[in-house]
Amino acid sequence: MAMLAEEVEARRGRGVDSGLNGNAGLDESAALNESAAPARRLLRVVTANAEILYAASRHAEQGALLKNADIITPDGGGAVKASITLGRPVAERVAGVDLLCRLCAEGARRGWSAYLLGAAEESAAGTAKRLRQDWPELRLLGWHNGYFDEEEKEKLIQEISGLKPDLLFVALGFPAQDRFVEENRQRLGAGLCVGVGGSFDVLSGRVR
Ligand code: UDP
């Protein structure tokens with residue numbers, strides 16, 4: 001696991017290309033929390049699809065959000081294909097929803113806690129229900145929809161800060177989810193923060 005933590009450090013800040021060069025498969029990404037949770041260090045994960053990679057190459061702020069991520073996984077055929085074209089093929093496709101499920105399964109085995117933030121009320125509630133059904137041993141500490149004003153946002157950050165979840169899944173879409181984590185990095189205190197885009201809509205069955 002030390003090797004993995006070192007690899008994360010080495011990978012930090014290498015830019016859009018580096019994401020595709022990261023070679024982080026599902027196993028590796030899930031195992032990351034081994035180094036994140038005990039140290040209570042925050043690691044931010046971007047599952048980058050072609051749209052995210054494109055946006056990051058066009059907008060400085062979005063590029064920085066990708067560049068400063070602790071780990072970037074290729075989400076989708078476009079990202080995997082790009083890695084082959086660039087001559088640095090990645091191990092496998094890692095979509096946000098797959099990583100979420102894998103981390104929950106791992107969390108259920110290891111007694112990790114989790115918090116869900118984002119999406120419409122029914123999506124967040126439906127995902128929480130599903131996670132409790134599928135992984136009763138995962139300690140789901142709470143959830144909140146992704147539509148909040150500044151005042152509610154402050155309360156949410158305080159709530160998450162106090163709960164200190166090992167896993168924080170943020171489903172606000174890129175770049176909002178990454179901005180949320182990055183801007184509140186010091187206060188969130190979570191282990192692994194994964195931007196999961198529309199995953200709650202899928203897991204709750206609202207979108208297929
Ligand atoms: N969303 C949210 N708050 C907002 C805007 C969007 O919670 O202010 C949610 C939205 O309901 C959806 C998710 O963010 O569940 C974005 O999903 P999308 O598939 O567009 O994101 P992507 O995977 O493309 O980043």
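Note that the structure is predicted; figures quoted are calculated from it, not measured.

Definitions and limits used
Residues numbered from 1 in each chain as written. Predicted model: local features only at pLDDT ≥ 70, side-chain atom pairs only at ≥ 80, totals over all residues. Heavy atoms only, no water. Helix = DSSP H or I, 4+ residues; strand = E, 2+ residues; numbered from the N terminus. Buried < 20%, exposed > 50% of the residue type's maximum accessible area, 1.4 Å probe, protein only. Areas by Shrake-Rupley, 256 points an atom, 1.4 Å probe, with all protein chains shown as cover. Contact = heavy atoms within 4.5 Å. Near = heavy atom within 4 Å. Polar contact = N/O pair within 3.5 Å; in protein donor to acceptor, adjacent residues only side chain to side chain. Nonpolar A, V, L, I, M, F, W, Y, C, P; charged D, E, K, R; others polar. 1 Å grid on protein atoms, 1.4 Å probe; cavity = no way out; pocket = protein on both sides within 12 Å on 5 of 7 lines; lining within 4 Å. Points joined across faces, edges and corners; volume = space filled by probe spheres on them. Pairing = 2+ DSSP bridges. Axes fitted to C-alpha atoms, helices over the stretch in contact; angles between N-to-C directions.

What about the overall build of the chain?
- Secondary structure summary: the chain contains 12 helices and 6 strands in total.
- The proportion of buried residues among the 208 residues of the chain is 51%.
- Just so you have it, the chain exposes about 9400 Å², and 50% of that area is on carbon and sulfur atoms.

A short note on the environment of leucine 131
- Its place among the elements puts leucine 131 in helix 8 (residues 121-134).
- Each C-alpha atom, one on leucine 131 and one on cysteine 104, is 7.7 Å from the other, the two residues being 27 residues apart in sequence.
- Other than its neighbours up to four places away in sequence, leucine 131 contacts Leu100, Cys104, Leu116, Pro136, Leu138 and Leu140.

Things to note about the side chain of lysine 153
- Relative to the elements of secondary structure, lysine 153 occurs in helix 9 (residues 150-163).
- Ignoring sequence-local partners within four residues, the contact set of lysine 153 consists of Phe148, Phe180, Glu183 and Asn184.

What to know about the site of the ligand
- Every residue lining the ligand is accounted for by Gly118, Ala119, Ala120, Gly146, Tyr147, Ala171, Leu172, Gly173, Phe174, Gly197, Gly198 and Asp201.
- A distance of 3.4 Å separates an oxygen atom of the ligand from a polar backbone atom of glycine 198.
- Considering the ligand on its own, with 550 Å² of exposed area, one finds that the protein chains cover 59% of that surface.
- Its residues assigned to classes, the shell around the ligand shows 6 nonpolar, 5 polar and 1 charged.

Here we look at the layout of surface pockets
- Considered as a void within the structure, the largest pocket measures approximately 190 Å³ in volume.
- Around the largest pocket, the lining comprises 14 residues; the ones closest to its centre are Asn49, Asp75, Val196, Gly197 and Gly198.
- Only helix 7 (96-110) and helix 12 (199-203) provide two or more residues apiece to the lining of the largest pocket.
- Its residues assigned to classes, the lining of the largest pocket comprises 5 nonpolar, 8 polar and 1 charged.

With respect to the sheet that holds strand 5 (residues 167-171)
- Judged by pairing direction, the sheet is parallel, and its 6 strands sit side by side in the order 2-1-6-5-3-4 without closing on themselves. Each edge of the sheet is formed by a strand with only one pairing partner; in this case those strands are strand 2 (71-74) and strand 4 (139-144). The mean angle between the axes of side-by-side strands here comes to 20°, regardless of whether they run parallel or antiparallel.
- In this structure, strand 1 (residues 43-48) lies alongside strand 2, joined through 4 bridges in parallel fashion. Across the sheet, the residue bridging to valine 45 is isoleucine 71, located in strand 2.
- Running over the sheet, helix 8 touches strand 3 (113-118) and strand 4 and is turned about 175° from strand 4.

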